[in-house]
Amino acid sequence: MYDPTVARLTYRALLGRRRAAILFVLPALLIVIAVAVRMFAGADDQVASDVLGGFAIATMVPLIGVIAGTGAIGPEIDDGSIVYLLSKPVSRPTIILTKLIVAIAVTMVFSAVPTMIAGLILNGNGQQIAVAYTIAALVASIAYSALFLLLGTVSRHAVVLGLVYALVWEALFGSLVPGARTLSVQQWSLALAEKTGGNGAITSDVGLPLATILLAVVTVAATWYAGQKLRTLKLAGEE
């Protein structure tokens, strides 16, 4: 269920000059913020949690997920080049799974790694905060990649829809409407971070059992449905 050729083409598309530059901006900004906060505020567990939770998990990870998830397949569908890939002897679920693996890997590298570095800069992993938020970033990367890959498969406006979800639903409604937090990948990932460490500095509105179930359901359902949608995508000449 993994095709090296599809993976290579997807990596090349995601890490092209323009897209890679965008991917580097947010991690670099997080590191700069972490250095500045450490210089002016010193090592403080709550400050570290505020920075990592407020910027890394709430903003950086979903935005990188949008770029990687939609970029793994959306541009190929938009410009029609997907027909060349679909004409090859590779099953369409395999194409989706391969692109998902690539999107997850890219999202993890550009979100979890800088989150860990920023956490170590902020407080040297006091109260396991750096590790806890890194785990949250890793878990969120999987769900976001699957969700946004699905959007890239079903809509030509996937980037816009992804940004609406990340910035409006999770960042705005998630902070203002308590009930909306239950349907938030951010809150699900924070449930794992809360369990890992933080000593009260990390909190989630969703319990760990429910968060784990929802993360698994969203990831599997989004991947399955994306595969189904790609199955129904007809090539020229197909009946």
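Residues numbered from 1 in each chain as written. Predicted model: local features only at pLDDT ≥ 70, side-chain atom pairs only at ≥ 80, totals over all residues. Heavy atoms only, no water.

A. Summary view of the overall build of the chain. Assigned secondary structure in the chain consists of 10 helices and 0 strands. Counting from the amino terminus, helix and strand elements in the chain follow one another as α-α-α-α-α-α-α-α-α-α. Here the C-alpha atoms of the chain give a radius of gyration of 18 Å, agreeing with the 18 Å that 2.2 N^0.38 yields for 239 residues. Reported as C-alpha extents along the three principal axes, the dimensions of the chain are approximately 65 × 35 × 30 Å. Counting every position in the chain, which comprises 239 residues, the buried fraction comes to 49%. (Helix = DSSP H or I, 4+ residues; strand = E, 2+ residues; numbered from the N terminus. Rg over C-alpha atoms; globule rule 2.2 N^0.38 Å. Buried < 20%, exposed > 50% of the residue type's maximum accessible area, 1.4 Å probe, protein only.)

B. Expanded view of helix H10 (residues 208–231). Its 24 residues place the ends of H10 35 Å apart at the C-alpha level, agreeing with the 34 Å of an ideal helix rising 1.5 Å per residue. Ala-211, Leu-215, Thr-219, Ala-222, Thr-223, Ala-226, Gly-227 and Leu-230 are the residues of H10 that are buried. For H10, the elements touching its buried residues are helix H5 (82–86), helix H6 (92–123), helix H7 (129–154) and helix H9 (185–196). (Expected span 1.5 Å × (residues − 1). Contact = heavy atoms within 4.5 Å.)

C. A look at the packing of aromatic side chains. Counted by the stated rule, this structure contains 4 aromatic pairs. With 5.0 Å between their ring centres and 80° between their planes, Phe-24 and Phe-110 make a pair best called edge-to-face. Note that Phe-24 is positioned in helix H2 (residues 17–41) and Phe-110 in helix H6, a separation of 86 residues in sequence. The class of Phe-110 is buried, set by a relative accessible area of 10%. Residues Phe-148 and Tyr-165 carry aromatic rings whose centres are separated by 6.3 Å and whose planes lie at 70° to one another, so their mutual orientation is edge-to-face. You can see Phe-148 sitting in helix H7 and its partner Tyr-165 sitting in helix H8 (residues 158–176), a full 17 residues away along the chain. Of the two residues, Phe-148 and Tyr-165, neither departs from the other in class, the shared state being buried. Through a chain of ring-to-ring contacts, three or more aromatic side chains come together here, namely Tyr-144, Phe-148 and Tyr-165. (Phe/Tyr/Trp six-rings, centres within 6.5 Å; stacked < 30°, edge-to-face > 60°.)

D. How the structure looks around the side chain of Thr-115. In this structure, Thr-115 sits in helix H6. The residues touching Thr-115, leaving out its near neighbours within four places in the chain, are Leu-30, Leu-52, Ala-56, Met-60, Tyr-133, Thr-134 and Ala-137.

E. Main features of the nonpolar core. With 69 residues, the main nonpolar core has Met-60 and Val-185 as its most contacted residues. Considering every element that reaches this core, the biggest residue donor is H7, with 14 residues. Beyond its immediate chain neighbours, meaning those up to four positions away, Val-185 contacts Ala-140, Ala-143, Tyr-144, Tyr-165, Glu-170 and Leu-215. (Core = buried A, V, L, I, M, F, W, Y, C linked by side-chain atoms within 4.5 Å.)

F. Up close: the pattern of salt bridges. As enumerated under the stated definition, the model contains 1 salt bridge in all. The residue Glu-76 makes a salt bridge to Lys-99 at a minimum N-O spacing of 2.6 Å. Of the two residues, Glu-76 sits in helix H4 (residues 74–79) while Lys-99 sits in helix H6, which places them 23 residues apart along the sequence. Of the residues examined, Glu-76 reaches a relative accessible area of 17% and is grouped as buried. For Lys-99, a relative accessible area of 1% puts it in the buried group. (Salt bridge = Lys/Arg side-chain N within 4 Å of Asp/Glu carboxyl O.)

G. Broad picture of the side chain of Thr-134. Its place among the elements puts Thr-134 in helix H7. Here Met-116 takes part through its backbone nitrogen, which lies 3.5 Å from a polar atom of the side chain of Thr-134. Beyond its immediate chain neighbours, meaning those up to four positions away, Thr-134 contacts Ala-112, Thr-115 and Met-116. (Polar contact = N/O pair within 3.5 Å; in protein donor to acceptor, adjacent residues only side chain to side chain.)

H. Looking closely at helix H1 (residues 4–14). Within the sequence span of H1, burial applies to Val-6, Ala-7, Thr-10 and Leu-14. Each buried residue of H1 lies within a common arc of 100° when the element is viewed along its axis, so the set occupies one face. Set apart from the buried face of H1 by more than 90 degrees, the exposed residues are Pro-4 and Arg-12. The backbone nitrogen of Thr-5 has a side-chain oxygen 3.1 Å away, supplied by the residue at the start of H1, namely Asp-3. (Arc of directions from axis to C-beta.)

I. A look at the environment of Asp-45. Here Asp-45 shows up in helix H3 (residues 45–71). Sequence-wise, Asp-45 and Thr-107 are 62 residues apart; in three dimensions their C-alpha atoms are separated by 26 Å. For Asp-45, the contacting residues outside a window of four places in its chain are Asn-123, Gly-126, Gln-127, Ile-129 and Ala-201.

J. Region of interest: the packing of H3 against H6. Two elements in contact, H3 and H6, have axes separated by 10 Å at closest approach and are oriented at 165°. One element, H3, and the other, H6, form an angle in the roughly antiparallel class. For the element pair H3 and H6, the recorded crossing hand is right-handed. Residues Asp-45, Ala-48, Val-51, Leu-52, Ala-56, Met-60, Val-61, Ile-64, Gly-65, Ala-68 and Gly-69 of H3 lie in contact with H6, whose contacting residues are Ala-103, Val-106, Thr-107, Phe-110, Ser-111, Pro-114, Thr-115, Ala-118, Gly-119, Leu-122 and Asn-123. Partitioning the contact of H3 with H6 into residue classes produces 14 nonpolar, 7 polar and 1 charged. (Axes fitted to C-alpha atoms, helices over the stretch in contact; angles between N-to-C directions. Parallel < 35°, antiparallel > 145°, perpendicular 65-115°, else oblique. Left-handed = near helix turned anticlockwise from the far one by under 90°. Nonpolar A, V, L, I, M, F, W, Y, C, P; charged D, E, K, R; others polar.)

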